[in-house]
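Close look at the chain arrangement
The primary structure of each chain is shown beneath.
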Amino acid sequence: AQENQPTGDPQLVSVYGADQAGITWKVAEVIARHKWNVTDLSTKQIPGSAPVYILLLEIVPMQGSGAPADLKKDLLQLGNDLGCSVTLK
């Protein structure tokens, strides 16, 4: 049970961009690869001529997690690949 406890403060990941299949999965995969845990997740689509997808995640580092700077770098790269705005705060 000790190994499954958060080891740091929560962070917020936000993603804004054109709706496309797999955004949530791809963001979650990067987070999991860095051994961070998702504690809350919310999505919304804003309709329009070009629907905007919004994804908000609260994440916490777990035992053996990567540094926030490394996670941020990979999330920004994913955002570039997807054509989305991604932030980690």
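Look up: the structure comes first, before these words.
Bear in mind the structure is a predicted one, so any value in this text is a computation, not a measurement. (Residues numbered from 1 in each chain as written. Predicted model: local features only at pLDDT ≥ 70, side-chain atom pairs only at ≥ 80, totals over all residues. Heavy atoms only, no water.)

**Quick look at the pattern of salt bridges**
- Going through the model one piece at a time under the given rule, you end up with 2 salt bridges.
- Through salt bridges with shared partners, one network takes in Glu-29, Arg-33 and Asp-74. (Salt bridge = Lys/Arg side-chain N within 4 Å of Asp/Glu carboxyl O.)

**Digging into the sheet that holds strand β1 (residues 11-18)**
- On the basis of which strands lie adjacent, the open sheet formed by 4 strands has the order β2-β3-β1-β4 and antiparallel pairing. Pairing within the sheet leaves two strands with one partner each, and these edge strands are β2 (36-46) and β4 (85-88). When strand polarity is set aside, the average angle formed by the axes of neighbouring strands in this sheet is 10°.
- As judged from the 4 bridges shared by β1 and β4, these two strands associate in the antiparallel manner. Across the sheet, Val-13 pairs through a bridge with Leu-88, a residue of β4.
- Here helix α1 (residues 23-33) sits on the sheet in contact with β1, β2 and β3 (52-61), set at roughly 20° to β3.
- Sheet contacts for helix α2 (residues 68-82): β1, β2, β3 and β4; angle to β4, the most-contacted strand, approximately 170°. (Pairing = 2+ DSSP bridges. Helix = DSSP H or I, 4+ residues; strand = E, 2+ residues; numbered from the N terminus. Axes fitted to C-alpha atoms, helices over the stretch in contact; angles between N-to-C directions. Contact = heavy atoms within 4.5 Å.)

**A short note on the packing of α1 against α2**
- α2 packs onto α1 with a crossing angle of 160° between their chain directions and a minimal axis gap of 10 Å. Put simply, α1 runs roughly antiparallel to α2. Seen from above, α1 lies across α2 with right-handed handedness. For the pair α1 and α2, contact is made by Lys-26, Val-27, Val-30, Ile-31 and Arg-33 and by Leu-71, Asp-74, Leu-75, Leu-78 and Leu-82, respectively. (Parallel < 35°, antiparallel > 145°, perpendicular 65-115°, else oblique. Left-handed = near helix turned anticlockwise from the far one by under 90°.)

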